Amino acid sequence: MDFLNAIVAMLNFVIIPASAYGAQLALGALGVTLIYGILRFSNFAHGDTMAFGTAMTILGTWGLQSLGVSISPLPTALLALPFGILATAALVLGTDRAVYRFYRKKKSDPIILVMASVGVMFIMNGVTRFVIGVGEIQFDDGVRFVINAREFRAATGLAEGLALRSTQVITLVTAVLVVWALFWFLGRTRTGKSMRAFSDNEDLALLSGINPERVVAVTWILAAALATIAGTLFGLDKSFKAFNYFQLLLPIFAAAIVGGLGNPLGAIAGGFVIAFSEVAVTYDFRKVLGYLIPGDWTPSGPIQLLSTEYKFAVSFAILIIVLLFRPTGIFKGKSV
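The structure reproduced in this document is the subject of the present report. Since we're looking at a predicted model, the values are computed, not measured.

Leu27, Leu30, Phe41, Trp220, Phe240 and Leu248 are the most contacted members of the largest nonpolar core, which totals 84 residues. With 15 residues, helix α9 (residues 212-237) is the largest single contributor of residues to this core. Excluding residues that lie within four positions of it along the chain, leucine 248 makes contacts with Tyr21, Leu25, Met50 and Phe234. Membership of the second largest hydrophobic core comes to eight residues, among which are Ala6, Tyr283, Val288 and Tyr291.

Close approach of charged atoms allows side chains of opposite charge to pair. Applying the stated criterion across every chain yields a total of six salt bridges. Note that aspartate 96 is salt-bridged to arginine 104, the shortest N-O span being 2.8 Å. A salt bridge links arginine 165 to aspartate 237; its shortest N-O distance comes to 2.6 Å. Of this pair, arginine 165 sits in strand β2 (residues 164-165) while aspartate 237 is found in helix α9, placing the two residues 72 residues apart along the sequence. The exposure class assigned to aspartate 237 is buried, which follows from its relative accessible area of 8%. Shared partners join several salt bridges into a network, and the residues in it are Asp96, Arg101, Arg104 and Glu213.

Another aspect to go through is the packing of helix α7 (residues 190-200) against α9. Across the interface, α7 lies against α9 with an axial gap of 10 Å and an inter-helix angle of 105°. Comparing the axis directions of α7 and α9 gives the class roughly perpendicular. For the pair α7 and α9, the contacting residues are Thr191, Ser194, Met195 and Phe198 in the first and Pro212, Arg214, Val215, Val218, Thr219 and Leu222 in the second.

An ideal rise of 1.5 Å per residue puts 38 Å on 26 residues; α9 measures up with 37 Å between its terminal C-alpha atoms. Here α9 lies mainly inside the structure; 21 of its 26 residues are buried.

Note on placement: tyrosine 103 falls in helix α3 (residues 77-105). Residue tyrosine 103 is classed as partly exposed on the basis of its relative accessible area, which comes to 25%. With 214 residues separating them in the primary sequence, tyrosine 103 and alanine 317 have C-alpha atoms 33 Å apart. Ignoring any residue separated from it by four or fewer positions in sequence, one finds tyrosine 103 in contact with Ser108, Ile112, Leu113 and Ala116.

Take the packing of aromatic side chains next. Overall, the coordinates contain ten aromatic pairs when judged by the stated rule. With centroids separated by 5.1 Å and ring planes inclined at 40°, the aromatic side chains of phenylalanine 41 and tyrosine 100 adopt a geometry described as tilted. Taken together, the residues phenylalanine 41 in the loop between α1 (2-39) and α2 (46-66) and tyrosine 100 in helix α3 connect sequence positions 59 residues apart. Plain terms: the ring middles of phenylalanine 234 and tyrosine 245 are 5.6 Å apart, the flat faces sit at 75° to each other, and that makes the pair edge-to-face. Taken together, the residues phenylalanine 234 in helix α9 and tyrosine 245 in helix α10 (residues 242-259) connect sequence positions eleven residues apart.

Let's shift gears to the side chain of asparagine 12. Mapped onto the fold, asparagine 12 is located in helix α1. If we ignore the near neighbours within four places in the chain, the residues touching asparagine 12 are Pro17, Glu160, Gly161, Leu162 and Ala163.

In this section: unusual backbone geometry. Leaving glycine out, the prevailing phi sign among residues is negative, and the prevailing peptide bond configuration is trans. Of the consecutive residues serine 72 and proline 73, the connecting peptide bond is found in the cis state with omega at 15°. Within the secondary structure, proline 73 sits in the loop between α2 and α3. Non-glycine residue arginine 40 carries a positive phi angle of around 70°. Along the chain, arginine 40 falls in the loop between α1 and α2.

Rules behind the numbers
- Residues numbered from 1 in each chain as written.
- Predicted model: local features only at pLDDT ≥ 70, side-chain atom pairs only at ≥ 80, totals over all residues.
- Heavy atoms only, no water.
- Core = buried A, V, L, I, M, F, W, Y, C linked by side-chain atoms within 4.5 Å.
- Buried < 20%, exposed > 50% of the residue type's maximum accessible area, 1.4 Å probe, protein only.
- Helix = DSSP H or I, 4+ residues; strand = E, 2+ residues; numbered from the N terminus.
- Contact = heavy atoms within 4.5 Å.
- Salt bridge = Lys/Arg side-chain N within 4 Å of Asp/Glu carboxyl O.
- Axes fitted to C-alpha atoms, helices over the stretch in contact; angles between N-to-C directions.
- Parallel < 35°, antiparallel > 145°, perpendicular 65-115°, else oblique.
- Expected span 1.5 Å × (residues − 1).
- Phe/Tyr/Trp six-rings, centres within 6.5 Å; stacked < 30°, edge-to-face > 60°.

Purely geometric numbers; function is a separate question.
The following block contains the structure:
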């Protein structure tokens, strides 16, 4: 019985939260890796693109709620996602036309585009805060739990109750569908094949008659969609605050680099590696150990490698180790 309680505790506090967080990071890292693989620069504005997309989705959610529209028991934000994606796509396409296209035509070094993206990041951050404010926003109006801890305890007789939030299930299901749709698009459609050809060899792709501006536009639209979906899922699971998405930039880039920058499959794997590392290293295992060892031997202090305040330090440490010893990442993407 105690062993089962320990398993449920691990599911509650490590496996399920890390899986949901990993799916969110994977979707964010997919956007980063698409831009890097096709447009050849690291987009530091991606975290704030996620924030802007989520803010637009929240505004759409509020608009639908004011009209009495909902899809209960699911969050109304899922219905507002297309509006958020369209608004974000318009923003990033406008940004590309106003900023990045100039440097692209001049064939500037990638570092110039990176520095430009830093400027875009600060502007996007300011726009998002101006539009929706700086406070914390809870916008999940769906059913809260798929499995309730109290009901689970009553049904199983275990001391530890399993709590599975609906936002965690929505995150995992949505991530699977989005990843499947993206890989289908890249592998089966003519536009997707053009994007892959452009990424592999730009000069040969141009000689083959591929329209570079179309490839660039589709890349930005896909990145905007991935950013908005990832940001909205993160906001539903936790809460929305613009600054939190700026902080997410480090684990997202760490996920993309760990998996292999420029490799979509690597971005997914990297997202889960970073998420499970962050959660496992900062979780206090005292409760789990309490079920597995005699009560007199249970430690009185926390059993964790790092406190939760150092969560992002885990991403940073993994990022540095990968850059030092395997800069192409797990799936051998493009080195940085």
